[in-house]
Each structure stands twice: as structure tokens, then as C-alpha cells.
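# Analysis of the macromolecular model
The residues making up each chain are set out below.
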Amino acid sequence: MLPHRILVGYDHCMTLHWTCTGIEVHKLVVGPLDNNVFFVRCTQADEAVLIDAANDPNRLLDLCRAFNVKAVIQTHGHSDHIQAIPALREAGYKIGIHAGDAAMLKEYDYLLEDDIVIRIGELRLRTIHTPGHTPGSMSFHLEDTPLLFAGDTLFPGGPGATKFEYSDFKTIIKSIEDRLFRVFGLSTIVLPGHGDDTTIGAEAPHLEEWIARGW
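Residues numbered from 1 in each chain as written. Predicted model: local features only at pLDDT ≥ 70, side-chain atom pairs only at ≥ 80, totals over all residues. Heavy atoms only, no water.

A few words on helix α3 (residues 169-181). All of the buried residues along α3 are Phe 169, Ile 172, Ile 173, Ser 175, Ile 176, Leu 180 and Phe 181. The arc that holds every buried residue of α3, seen down its axis, measures 155 degrees, which confines them to one face. Looking at α3, the residues exposed on the side facing more than 90 degrees away from the buried face are Lys 170 and Lys 174. On its buried face, α3 is in contact with β11 (138-142), β12 (147-151), β13 (154-155), β14 (158-159), α4 (200-203) and α5 (207-213). The opening residue of α3 is Asp 168, an N-cap whose side-chain oxygen sits 3.3 Å from the backbone nitrogen of Lys 170. (Buried < 20%, exposed > 50% of the residue type's maximum accessible area, 1.4 Å probe, protein only. Helix = DSSP H or I, 4+ residues; strand = E, 2+ residues; numbered from the N terminus. Arc of directions from axis to C-beta. Contact = heavy atoms within 4.5 Å. Polar contact = N/O pair within 3.5 Å; in protein donor to acceptor, adjacent residues only side chain to side chain.)

This is the structure:
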């Protein structure tokens, strides 16, 4: 496994959250619901991808320019995750989202499919369709690292909310069990759409508890 370390931040809401040779992951917390926004940067090529254009468009635009962002990809289409999209599109950045959530956006540029690789310089970010919270929810695994960007599919303590008419608890449980817990090792770091990181090892033992409680 590549060497890595979690770093503390350089201001109150922006952190250089994870790094190893050739890779930086910057985390920004934005908006009234404290959405996590991630910039995954290849330092060798000086290119990056933005995961979730959630809010604070002026700040995101400044960072997109500073990090030389080449793609903007959405974990899902909920309103708290898309507020900065109009400003980013107007500035020329292309937005990708899964077809299952495309109707939640007024505009987007391309559709994300399951199990494809998004290249950021020398880095490879693999897509994982993890429906349940929304029909088009996506997770992203940064290959050759322990990092899994899970959006609102998996949090410390359980799955994302399934109270919406288009959500489904059994579906999100199946996504978590089949596409995350059965695929990734216990040391995999889960970076959710809100709040703190967790690991597969911390969450997997509680799956049956979540099923029993029904949320």
C-alpha cells in the first residue's frame, strides 16, 4: 500500500485532508448543511477533479482554477450537493452525473456510468453505482489508495437517508453490502458527503443492526 497520512487543515474549513506521493486530497466544508467537497489532485500532472459542486461557488471557482480542475463529478443530485453547478458551468467546467439523478439538475454535460475510470493525470478514479439514497448515487474509489468517496451512501453509523419517495432502504443496504463491504478491505477510508471519515472496518460489523432498525 502507498504511504499516506491524514493532515490537519490550513484554515477553518479547508484542509489538505490526505496525501501521498503524487496525490493530494483537499477537503472543503460548504453550505448550511456542511457539505464535504473534495478536490483530488495529481501533483505530477498538476490536474484535479472536483467531487460535488455543493455550494460557495466563488470559493469553488477560485479553487478549480488554482488546482487546474479538469472534471466535476457528482455523487448525486440532491439540492444541497449542486448549488455551485450553474456558476461552474458558466465558467466552462463540465458536470458529470449518473443518469438516475440527471433529472434533478437543470443542466449537466455528460453522464457517469458504473465501473468506468476517470483519469486525473496519472490517477485513476473508478466509478461505483451505489443506488438507494437516490437512484443515481455514485461512489468513487481512487485506485491504488485506500480512499473511497461515498457521497451520502455511507456515513459513520449507517446508510444515508431513504425517506424520499425515490429512495429505498433495501436498495441502499444492498449497495453498501454488495458494492462496498464485499469489495473493499477493512482499512478502506470512507469519505462521506457530510461529516467525518470512517472506515469499512468500523462500519461493516454493524450491517445487521442497521437492517434490524430499518434506517
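Still more ground to cover, so stick around.
The mixed open sheet is built from 6 strands, whose spatial order is β9-β10-β11-β12-β15-β16. Two strands lie at the open edges of the sheet, namely β9 (117-120) and β16 (198-199), each paired on one side alone. With 2 bridges connecting them, strand β15 (residues 189-192) and β16 associate as antiparallel partners. Of the residues in β16, the one forming a bridge with Val 190 is Thr 198. (Pairing = 2+ DSSP bridges.)

Before going further, it helps to spend a moment on the state of the cysteines. In the structure shown here, the tally under the stated rule is 0 disulfides. Residue Cys 42 stays outside any disulfide, its sulfur separated by 11 Å from that of Cys 20, the closest cysteine. (Disulfide = S-S within 2.5 Å.)

Attention shifts here to the confidence of the model for the chain. Per-residue pLDDT for the chain averages 94, and the proportion of residues at 70 or more is 94%. Below pLDDT 50 for its whole length, residues 1-12 participates in 27 contacts with residues either more than four positions away or in separate chains. (pLDDT = per-residue confidence, 0-100.)

Before going further, it helps to spend a moment on helix α1 (residues 57-66). Leu 60, Leu 61, Leu 63 and Cys 64 are the residues of α1 that are buried. Along the long axis of α1, the arc covered by the buried residues comes to 170 degrees, so they all point the same way. Structural note: α1 exposes Asn 58, Arg 65 and Ala 66 on the side pointing more than 90 degrees away from its buried face. Contacts made by the buried residues of α1 are with β2 (14-20), β3 (23-30), β4 (35-42), β5 (47-51), β6 (69-73) and α2 (85-90). One or two positions beyond α1, positive phi appears at Asn 68, with a value near 55 degrees.

Turning our attention to unusual backbone geometry. Despite not being glycine, Asp 34 shows a phi value in the positive range, around 50 degrees. Structurally, the position occupied by Asp 34 is in the loop between β3 and β4. With a phi angle near 55 degrees, Asn 68 is a residue other than glycine that sits in the positive phi range. Relative to the helices and strands, Asn 68 resides in the loop between α1 and β6.

Right, let's get into the side chain of Ser 175. Along the chain, Ser 175 falls in helix α3. Once you skip the residues sitting within four places of it in the chain, Ser 175 turns out to touch Thr 130, Pro 131 and Leu 180.

So, on to the pairing of β11. Extensive coverage of β11 is indicated by the burial of 5 of its 5 residues. Residues Met 138, Phe 140 and Leu 142 point to one face of β11 and Ser 139 and His 141 to the other, with burial holding for every one of them. Pairing between strand β10 (residues 123-129) and β11: 5 bridges, direction antiparallel. Paired with Thr 127 across the strands is Phe 140, a residue of β11. Inspection of the sheet shows β11 paired to β12 by 2 bridges, in the antiparallel sense. Paired with Phe 140 across the bridge in β12 is Phe 149. Following β11, the chain reverses through 4 residues before pairing antiparallel with β12; Asp 144 in that reversal takes a positive phi of roughly 65 degrees.

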